[in-house]
Amino acid sequence: MQTAGGPGTIEVAVCPPRKERSTETGVDGMKGLRFYIETFGCQMNEQDSLRAGYQLARAGCLQVDSPAEADILVVNTCSIRRKAEEKAYSLLGRFRNLKGRRPDIVVAVGGCVAQQEGESLLERLPQVDVVFGPHHVSEIDRFVERRRAGGERFAVVSQKTDSVDDLECPGISDPKGLKAFVTIMEGCDNFCSYCVVPFVRGRERSRPYHSLLEEARRLTEQGVREVTLLGQNVNAYCAPDRQGFRFPDLLAALSALPGLRRLRFTTSHPKDLSRALIECFGSLGPLCEHIHLPLQSGSDRVLAAMNRGYTRTAYLEKISALRERVPDVAVTSDMIVGFPGEEIEDFEGTLEAMRIVRFDSLYSFKFSPRPSTRAASLEETVSEVEKLRRLHELQDLQKRISLEKNRALEGKFLEVFVEGGSRDGEQWMGRTRTNKIVNFTGPAGLEGRFLQVAIREGCQNSLRGAIAERSVNPEESPTRLSE
Ligand code: SAH
Ligand code: SF4
Ligand code: F3S
């Protein structure tokens, strides 16, 4: 394992493919430079930032945790809502001051705002040196080198439609080496009318199954116990290197990896939640009992205007089928309020759907018009004040449901994967297979272990528990404890 270390630097655990361990990148003059990366947006962007950091570390640079210490400033932007975009501009405003004091700093802007705005960012923001789209993350070291060598400021935002190799990741885990994300596909062809993703991330492209299987195998050999498969619409996965090899086949292949204890995926689209995928739950051991399945609205009229491709009834039927198979499966979702034309009855339909499904948790947003999307040209009929009122009403309902669902777990014994603790090693935090956070006390040295924890208290966003007396680490014992 290779780590970028040193005083004031952030530790990044990178597990490069074996063949790359001793490879020089060919980028000279970068050794010893310090870089700072700030990431906005989704897990895909987090993963891209890890890849950018990995590339720069391979070129001999060191990651630091403060922009003031850095020679290279990378901003990985998100454009999903106006607020996300504004955050990036405000950070770049602060970087303008830094650059004013030290003109040799290279400021590189990547991610979805970079893709959306392209060269115009260079025109509007004189402090920006390089603009690069999400399809060019792995070239970051060369971009920085080109600019430092005296090249002009430039933007690289072409989108790839055929090559899938650029999605290959070196296999990067969290710094503790316990959990990792594996990107299996990128882009989206769904064109929901409110969403900028198909425009900024491009068309759906799946990675060859053999390369992502290899990446996951390498990670588990290095000690990773939990893998989350990533993509804008993972259940549309379609292997380019094996005919008919779809997402359920991929889940089955990965579940057979020795050492893999937990397998998760995000995000899936309700219309692509097939019978075959539902049947994976409860039959593939590592596949965790949790699905994030964005509903967006509980009104058929609004769902049609959003171009979601399913009705509320169809969604509810899929949830029922899932619960028939795995009664305790956790279901989380995303919801938008104030879509153009959303009447109060439509909003009531959303609340009703929430009462029927009883999501374990929910991300909720006010509609925000985005460039290039169809919904941006629709007349906004819901005022900001009313959007906020609906958002609060929806969130209050969800808070009650989350609390009730977590309280219902009191008295149960759940398997917890211990992720970390307080410095003194007394307070521990882990997650259940249903992705709920559990806090508990225990002796030192529990990190990375699987424990049975008795749930004592269900809170709104987490659970409190105590290590069960009968708890053992199943890795040390073949006996798997159940209730
Ligand atoms: N690929 C995922 C989610 C992508 S974006 C999916 O298909 O569900 C994450 C969430 O942001 C979306 O689920 C949606 O709830 C929200 N979102 C996307 N565009 C939005 C917009 N223009 N305004 C408000 N919320 C939006
Ligand atoms: Fe956006 Fe819809 Fe694609 Fe999700 S499925 S990324 S919401 S277009
Ligand atoms: Fe944002 Fe782009 Fe992700 S718009 S949510 S960073 S795909």
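The text that follows walks through the structure, step by step, so that each part is easy to find. Residue positions are counted from 1 within each chain, in the order its sequence is given. As they are written, the chains are lettered A onward and the ligands numbered 1 onward, keeping that order. Restriction of local features to residues with pLDDT of at least 70 applies here, the model being predicted, together with a cutoff of 80 or more for giving and counting side-chain atom pairs; totals for whole chains, interfaces and linings are based on all residues. Note: side-chain values were computed over all heavy atoms of the structure, leaving out hydrogens and water.

## Focus: the sheet that holds strand β19 (residues 437-441)
In plain terms, the rule: Criterion used throughout: strands pair if DSSP finds at least two bridges between them. Helix and strand definitions here come from DSSP, where helices need a minimum of 4 consecutive H or I residues and strands a minimum of 2 consecutive E residues; each element is numbered from the N-terminal end. Only the stretch in contact is used when fitting a helix axis, every axis being a line fitted to C-alpha atoms; angles between N-to-C directions are given from 0 to 180 degrees.
Read around the closed barrel, five strands run β17-β18-β19-β21-β20, paired in mixed fashion. Averaged over neighbouring strand pairs, the angle between their axes works out to 50° when direction is ignored.

## Comments concerning the site of ligand 2
Going by this rule: Only a single heavy atom is needed: when it lies within 4 Å of a molecule or strand, its residue is near that molecule or strand. Any residue that is not Ala, Val, Leu, Ile, Met, Phe, Trp, Tyr, Cys, Pro, Asp, Glu, Lys or Arg is counted as polar, Gly included; the first ten are nonpolar and the last four charged.
Residues in close proximity to ligand 2 include Cys188, Asn190, Phe191, Cys192, Tyr194, Cys195, Val197, Pro198, His269 and Arg308, which together make up its full environment. Of the residues contributing to the shell around ligand 2, the split by class is seven nonpolar, two polar and one charged.

## Here's the deal with the side chain of Thr373
This is how it is decided: Only heavy atoms enter the contact rule, under which two residues are in contact if any of them lie within 4.5 Å.
Locating Thr373 in the fold gives a position in the loop between β16 (361-366) and α13 (384-407). Aside from chain neighbours lying at most four places away, what touches Thr373 is Ser193, Tyr194, Cys195, Val196 and Phe199.

## A closer look at the sheet that holds strand β9 (residues 179-183)
In space, the three strands of this open sheet follow the order β9-β12-β13, with parallel pairing throughout. Every interior strand has two partners, whereas the edge strands, β9 and β13 (262-266), have only one. Within the sheet, the average angular offset between the axes of one strand and its neighbour, ignoring direction, is 25°. Taken strand by strand, helix α8 (residues 247-255) contacts β12 (226-230) and β13, and its axis lies near 155° from that of β13.

## Observations concerning helix α11 (residues 312-325)
Condition: Each helix should span, by expectation, one fewer than its residue count multiplied by 1.5 Å. Exposure is judged per residue with a 1.4 Å probe applied to protein chains only, and the accessible area is read against the type maximum: over 50% gives exposed, under 20% gives buried, and values in between give partly exposed.
Across its 14 residues, α11 extends 20 Å between first and last C-alpha, which sits within 8% of the 20 Å expected from 1.5 Å per residue. Those residues of α11 not exposed but buried are Arg312, Tyr315, Leu316, Ile319, Ala321 and Leu322. Tucked into the core, α11 has its buried residues touching α9 (275-280), β14 (290-292), α10 (300-305), β15 (330-337) and α12 (344-357).

## Observations concerning the side chain of Thr228
Position of Thr228 relative to the elements: it lies in strand β12. The buried category is assigned to Thr228, whose relative accessible area is 9%. Discounting residues that sit within four places of it in the chain, Thr228 has contacts with Ala180, Phe181, Val182, Arg264, Phe265 and Thr266.

## With respect to the environment of Gly465
Structurally, Gly465 is set in strand β21 (residues 463-467). Accessibility expressed as a relative area gives 15% for Gly465, which makes it buried. Taking the C-alpha atoms as reference points, Gly465 and Asn439, separated by 26 residues in sequence, lie 6.2 Å from one another.

## A look at the pairing of strand β17 (residues 413-421)
Walk down a regular strand and you will see the side chains alternate between the two sheet faces. For β17, a buried count of seven out of nine residues is recorded, marking the element as mostly surrounded by other parts of the structure. Two strands pair when backbone bridges link them, and β17 and strand β20 (residues 450-458) are joined in this way by five bridges, in the antiparallel orientation. Across the sheet, Phe417 pairs through a bridge with Phe450, a residue of β20.

## Regarding the pairing of β16
Where we set the bar: Look down the strands so they point away from you; if the path from the first strand over the helix to the second goes clockwise, the crossover is right-handed.
Where β15 and β16 come together, six bridges link them in parallel fashion. Opposite Ile336, over in β16, you have Phe365 as the bridge partner. A crossover connection joins β15 to the parallel β16 through α12; in handedness this β-α-β unit is right-handed.

## Notes on the pattern of salt bridges
Let me state the cut-off plainly: By salt bridge we mean one thing: a side-chain nitrogen of Lys or Arg within 4 Å of a carboxyl oxygen of Asp or Glu.
Enumeration over the complete set of coordinates arrives at 37 salt bridges. Salt-bridge contacts for Arg433 lead to Glu289; the nearest nitrogen and oxygen are separated by 2.9 Å. Of this pair, Arg433 sits in the loop between β18 (427-431) and β19 while Glu289 sits in the loop between α9 and β14, and the two are 144 residues apart along the sequence. Per residue, the accessibility class of Arg433 equals that of Glu289, and both read buried.

## Things to note about the nonpolar core
Using the following cut-off: By nonpolar core is meant a set of buried Ala, Val, Leu, Ile, Met, Phe, Trp, Tyr and Cys residues that side-chain atoms within 4.5 Å join together. The start and end points of each domain follow an automatic or database-based domain assignment.
With 57 residues, the main nonpolar core has Ile184, Leu229, Phe247, Leu251, Phe265 and Tyr315 as its most contacted residues. Lining this core are residues from two domains, each supplying at least three of them: domain 2 (161-288) and domain 3 (292-407). When neighbours within four sequence positions are excluded, Leu251 is seen to be in contact with Leu229, Leu263, Phe265, Leu277, Cys280, Leu284 and Leu287. The next biggest cluster of nonpolar side chains, apart from the first, holds 22 residues, and it includes Phe40, Leu92, Leu98 and Val107.

## So, the environment of Asp189
As a reminder, the rule being used: Polar contacts here mean pairs of N or O atoms no more than 3.5 Å apart (in protein, one a potential hydrogen donor and the other a potential acceptor; neighbouring residues in sequence count only if both atoms are side-chain atoms).
The residue Asp189 is located in the loop between β10 (185-186) and α6 (197-201) in this model. In sequence terms Asp189 and Arg201 are twelve residues apart; their C-alpha atoms lie 9.9 Å from each other. At a separation of 3.0 Å, a polar atom in the side chain of Asp189 contacts the main-chain amide nitrogen of Glu204.

That is the geometry; function is a separate question.
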